[in-house]
Amino acid sequence: MDDQVRKTDKDVSVISNGCHFCFVYKDTAQLADFLQDYVMSGLDGNELCVWMTPDAESATKAKDMLKERGIYIDPYLRTSQLEIIPIPELPGNDLKLLPSLLLDHWKLMQDQAILNGFDGLRFNVDLHDIEGSGLEYLTSYTDIVKDTVSELGMRSLCTISFDVFSRSEVIDLMHRNDNIIMNVDEKNLSLEKDTLVIKPETPVSHKPIRKDGELSSIYHSSPAIAFLWKTEKGFPVEFVSDNVSQFGYDAATLMSHEILYADIIHTDDVEGYYSDLLECLKENKRHFSKEYRILDRNGDVHWISEHSQLEIVEDGVSDRYHGIVLDITEKKSAENELKESEAKYRTLFDESSDAVYLQKPDGTFLEVNKVGLELLGYTHEEFLSLNSGSLLLPDRFEEFKAHIAEVLENGHSIFETLLLKKDGSSVPVEMNASLMEYKGKDAILIVSRDITERKNKEENVSVAKANAETGIIAKNEFLANVTHELRTPLNAIIGFSDVMLEESSEALNEKHVKYLQNISDSGKKLLGIINDILDISRVESGNMELHYEHFLVWESFDVVCSLLAPMAEKKNVDLHSELDPRGIVINADKQKFEQVLQNLVSNAIKFTQAGGSVDLSARFVESRLVVQVKDTGIGISEEDRQSLFKSFSQADGSHRRGYGGIGLGLAIVRHFVEMHGGNVWVKSKPGVGSTFFFDIPIAVTSPRAAKSIAPETVQEIAQDSSGHIDIDAIDELAEKVAPEIIVPDKCTDRDPLVLVVEDDERSRELLMLTFIDGGYRVVSAGNGVEAVALARKLRPFAITLDVMLPEMDGWEVLRHLKEDVSTREIPVVMISMMDQKETALERGAVDHLTKPFDREYLLKLMDRYKEKLERKNPKILLVDDEPYVVELLSSMLEPEGFSILRAYSGTDAIDICTEEQPDIVILDLMMPQVSGFDVISVLSSNPETWNIPIVACTARDITAKDRLFLDRKVNSIMQKGVFSKKDLLDTIHRLSSDVVSK
């Protein structure tokens, strides 16, 4: 038979370029094994692999089959290297049309594969439901496609089941020289009717059989060979079944005595055969059994098992015997392999460099190797008399039992423990315990490794780590102190130079102005470096924390673009931002988000030549915000991109010298983005430009949506996915509603307007009467959505807000008011049945009253806000132990019309606040004796001063604990050297016009 046909389903190497093969399989498991190798060979060789199945359902099963066999096909499907497709619909479902259809299809696929960078095409079609002769169809298919396959240099395969062929066709296939791959042997085939059947072994009868016809019938397809021997010299064969051909012999030749049976017995086994048979005859035994070796016609050795019965004639003499012979070569090979394996594992057991113990589940030891004895100091006899419990410290015994139970349940466990040595000392070990069978019973094999050296190293590492952590703490403390000492004088340098530039331009010549500008710019640059170094140090030491808040992304875009616009204009670079939709809201650390944007955009401007452009944009991708900064700058090489986000790294040294910077900006970007659970990456081409991307989770909540304002006039107002109501719908509603504003006698339209939000009619009426008596104009709203609409439309002086409201409760209303730039500055007084003052102040309310409320206190509260609103020259108290800092801040604020009070210690600050009641306090936190924190605590606990707005000002970095305190006690935090005069004035103007006080 041709070798080609004898190839197994594992041999895919025969399918070379330009060849077409057919693989005939007996079951789906055999098909799966072959196609697993065939497909993986193509994927590894960078070929485009196409598997065409009979229908769509089969295509799905094919994918599942590959996954079950450990082939993770998704990457190949996404890169289009692997396609699993159904056979296209054919006219009349005639499969005879398929090969012709495939020819043109292959040419297109081969060209497309080469264009897409693949090294070739590998195609397989699985054929089912063939009508008529399977062999004729296979022959026709091959004749049609083989020339095209050869011309294209592709690999073609069709797979087809044995069931498609008739018995004669199967035999024909097995003797063909065509490119057929099968995994079947003639000796295992029995052809009955028109199907292929693998026959089981046929039991052997021990009754003597004398008729040739009967013998042939029984043994035709049996693996057992029937023999009838004479007991003469050489054991001539009287009869043998035809299936002796499995050893290459012809039955007739053996029965003609041309070859005696003794001639085929292995020479080393002949003597033993003679002696054993003679012994059986001498003892008049009727049964003879023996295992020995014979030689087949080609001289190859086979182990056989003979089971014979001696025929005793009347005089007690036996002249012949009959029986069966079975080929047990595979059994003997397995036995030999088992013996070799046992010997090998015994060698491994004895020669292992680790201690190896074998024990029963109850802890009784069965065996131990030499290393195990040396480790614990016992003799072999001493050790086998022990159990595992006697080798353990008392406090480790229960833990050990738990691990043994895990081995019995799951088959395996790895753990560490301490073993007691014979001398009473202990040794740390790592145990790898596995369940096994030993002499037919469960046993546990434990490999124990002495880890004394590793434990010593771990202890050294632990000590070194502790020392390193101590060093990190010291470094962080040093950086914090140095930062404080550097920021304070830098603040003065930058501040005074900016003041001189703004106020003394007429008294200075052009050269002096340039010098001052250089001083200011250099100070700001140095301050930026100090801030970057401190940031990267805090991030790497794990001391950086995120402070989440909901905010509009476009506001951050505007802040960053406004800040960097002068830099872009100076370089003649077009800076553009785009956000669609504009109302995107995320929950993140706003300050760090804006710092990421600022670092990326400033980098893009810095590395973009004049006339270029920088574009900032963002979009939603599933539940994440993806931001990109694209520039037309110098670009980044592949080599430089590898280290781009590492600390103190730039593209190369020439860039650092040519463009400045110390290489921390992108490292900070990466850390801040990753702290948010995001990723940052870059695409770039030298000379063309770069695009930096980062993504962070949206991480928003979804509050309850409001349903209506006034059922008779307002339709439902929906909130979006981030919990924000539709502002356009709110404004449209406000236009439709004509609120009734009550104006008391002696009041004008210029007097303050108070919005009362209360759903209970009596409570609403009482509040309105209180404000009317106090000389305020009043308007009311009965639910939350109406309150938001009227607040946006009327911009009232103040709002009183009930907590328990229909549709949208007071806390939701407060959140919307504080998130809306048009209403966030309106003071809101919360009113409820329970004392929730702390919650109200934390969420932005100026005060909280409990029902029944104190009318006199409420009016005094409103009068105080009214007084501050009407005050033309707000009083600002400047508190700092450094006189020049007070002078610097004073020089910024006095020209703007503010009245300035000065204090140079915490004690003075407390006294002045009590006596003068300033409108705003700008307070240094780091002062001797009475610190800024002490001042804040005293002022917040005094009913006369608790609501004075405080701006905390410091050169030191703020810890998480300090920030938690300040977030609840102050209105704003400004870092010395970081804020500009504009930042300071914006904050003061906001606070001076806003009666909001936490």
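Residues numbered from 1 in each chain as written. Predicted model: local features only at pLDDT ≥ 70, side-chain atom pairs only at ≥ 80, totals over all residues. Heavy atoms only, no water.

Named according to an unreviewed UniProt entry, the protein chain is histidine kinase originating from Methanococcoides vulcani. Among the UniProt annotations of the protein chain, the heading Subcellular location (unreviewed entry) holds the following wording: "Membrane". The protein chain has a UniProt comment under Catalytic activity (unreviewed entry) that states "ATP + protein L-histidine = ADP + protein N-phospho-L-histidine." (UniProt positions renumbered as here; feature names shortened; annotations may be inferred.)

K.L.:
Would you mind showing me how to read the overall build of the protein chain here?
P.N.:
Helix and strand counts for the protein chain stand at 33 helices and 35 strands. Scored against the burial criterion, the 998 residues of the protein chain give a buried share of 46%. Considering only contacts in the protein chain between residues 6 or more positions apart, those separated by 24 or more positions represent 63%. Entry remark: accessible area of the protein chain is about 51,000 Å², with carbon and sulfur atoms responsible for 50%. (Helix = DSSP H or I, 4+ residues; strand = E, 2+ residues; numbered from the N terminus. Buried < 20%, exposed > 50% of the residue type's maximum accessible area, 1.4 Å probe, protein only. Contact = heavy atoms within 4.5 Å. Areas by Shrake-Rupley, 256 points an atom, 1.4 Å probe, with all protein chains shown as cover.)

K.L.:
Can you walk me through the sheet that holds strand β17 (residues 426–438) in this structure?
P.N.:
Where strands meet in a sheet, backbone hydrogen bonds hold them as pairs that are either parallel or antiparallel. Read across the sheet, 5 strands follow the order β15-β14-β18-β17-β16 without closing on themselves; strand pairing throughout is antiparallel. The open sheet terminates on both sides in strands that have one partner only, identified here as β15 (365–368) and β16 (412–420). Strand-to-strand twist in this sheet, taken as the mean axis angle between neighbours without regard to direction, amounts to 30°. Pairing of β16 with β17, which is carried by 9 bridges, proceeds in the antiparallel orientation. Looking at the pairing, L418 lines up with P428 of β17. (Pairing = 2+ DSSP bridges. Axes fitted to C-alpha atoms, helices over the stretch in contact; angles between N-to-C directions.)

K.L.:
Honestly, the state of the cysteines in this entry has me stumped. Any pointers?
P.N.:
A covalent bond between the sulfur atoms of two cysteines is referred to as a disulfide. Per the stated rule, a full pass over the model turns up 0 disulfides. In this structure C158 is not part of a disulfide, and its nearest cysteine sulfur, from C22, lies 3.7 Å away. The exposure class assigned to C158 is buried, which follows from its relative accessible area of 0%. (Disulfide = S-S within 2.5 Å.)

K.L.:
Is there a simple way to think about a negative patch on the surface in this case?
P.N.:
On the surface, D55, D94, D129 and E131 cluster together to form a negatively charged patch. By secondary structure assignment, the location of D55 is in the loop between β2 (48–53) and α3 (56–68). When its relative accessible area of 34% is taken as the criterion, D55 is described as partly exposed. (Patch = residues over 30% accessible without salt bridge, like charges linked within 9 Å, V, L, I, M, F, W, Y side chains within 5 Å. Salt bridge = Lys/Arg side-chain N within 4 Å of Asp/Glu carboxyl O. Lys, Arg positive; Asp, Glu negative; His and termini not counted. Charge placed at Lys NZ, Arg CZ, Asp CG, Glu CD.)

K.L.:
Please clarify how the pattern of salt bridges should be interpreted in this entry.
P.N.:
Pairing of side chains with opposite charge becomes possible as their charged atoms draw close. The tally for this structure, following the rule as stated, stands at 30 salt bridges. Where D143 meets K146, a salt bridge forms, and the shortest distance between an N and an O atom there is 3.9 Å. Residue D143 and its partner K146 are located together in helix α6 (residues 134–152), separated by 3 residues, close to a single helical turn. Taking the relative accessible area as the measure of exposure, D143 reaches 43% and is therefore partly exposed. Among the ionic pairs, K457 bridges to E453, the shortest N-O distance being 3.6 Å. With a gap of 4 residues between them, K457 and E453 both fall in helix α16 (residues 452–503), about one helical turn apart. Given the relative accessible area of 56%, E453 is considered exposed. Each of the salt bridges in this network shares a partner with another, and the network as a whole consists of E416, E430, R454, K455 and E458.

K.L.:
Help me out: how do you make sense of the packing of helix α29 (residues 883–893) against helix α33 (residues 981–992) in this one?
P.N.:
A packed helix pair is summarised by two numbers, namely the angle formed by the two axes and the spacing between the axes. At a closest axis distance of 10 Å, the pairing of α29 and α33 adopts a crossing angle of 70°. Between α29 and α33, the angle falls in the class roughly perpendicular. For the pair α29 and α33, the contacting residues are L889, M892 and L893 in the first and K981, L984, L985 and I988 in the second. Here the residues of the contact of α29 with α33 sort into 6 nonpolar, no polar and 1 charged. (Parallel < 35°, antiparallel > 145°, perpendicular 65-115°, else oblique. Nonpolar A, V, L, I, M, F, W, Y, C, P; charged D, E, K, R; others polar.)

K.L.:
What am I meant to see in the packing of helix α31 (residues 932–941) against helix α32 (residues 960–969) here?
P.N.:
The interhelical angle for the contact between α31 and α32, taken along N-to-C directions, is 35°, at an axis separation of 11 Å. In terms of crossing hand, the pair formed by α31 and α32 is left-handed. Listed contacts from α32 to F933, I936, S937 and S940 of α31 are D962, F965, L966 and K969. Among the residues making up the contact of α31 with α32, the classes are represented as 4 nonpolar, 2 polar and 2 charged. (Left-handed = near helix turned anticlockwise from the far one by under 90°.)

K.L.:
What's the story with the pairing of β15 in this structure? I'm lost.
P.N.:
Consecutive residues of a regular strand have side chains that alternate between opposite faces of the sheet. Sheet topology note: the strand β14 (residues 355–359)/β15 ladder contains 3 bridges and is antiparallel. Looking at β15, one finds that Y357 is bridged to V368.

K.L.:
In this structure, what is going on with unusual backbone geometry? I would like to understand it.
P.N.:
Glycine aside, the phi torsion of most residues is negative, and most peptide linkages are trans. The backbone phi angle of N46 is positive, close to 55°, even though this residue is not glycine. On the secondary structure map, N46 appears in the loop between α2 (28–44) and β2. Using a relative accessible area of 27% as the deciding quantity, one classes N46 as partly exposed. The residue R795 is not glycine, and still its phi comes out positive at about 50°. Judged by relative accessible area, R795 falls into the partly exposed class, the value being 45%.

K.L.:
Got a minute to help me understand the pairing of strand β10 (residues 237–240) in this structure?
P.N.:
With 3 bridges connecting them, strand β9 (residues 225–230) and β10 associate as antiparallel partners. Looking across to β10, one finds that W229 is bridged to V237. Here β9 folds back onto β10, and the loop between the two strands holds 6 residues, one of which, G234, carries a positive phi near 85°.

K.L.:
Quick question: what am I supposed to make of the side chain of S448 here?
P.N.:
Among the secondary structure elements, S448 is positioned in strand β18 (residues 441–450). S448 sits in the buried class, given a relative accessible area of 1%. Those residues in contact with S448 that lie beyond four places of it in its chain are D354, A355, Y357, V429, E430 and M431.

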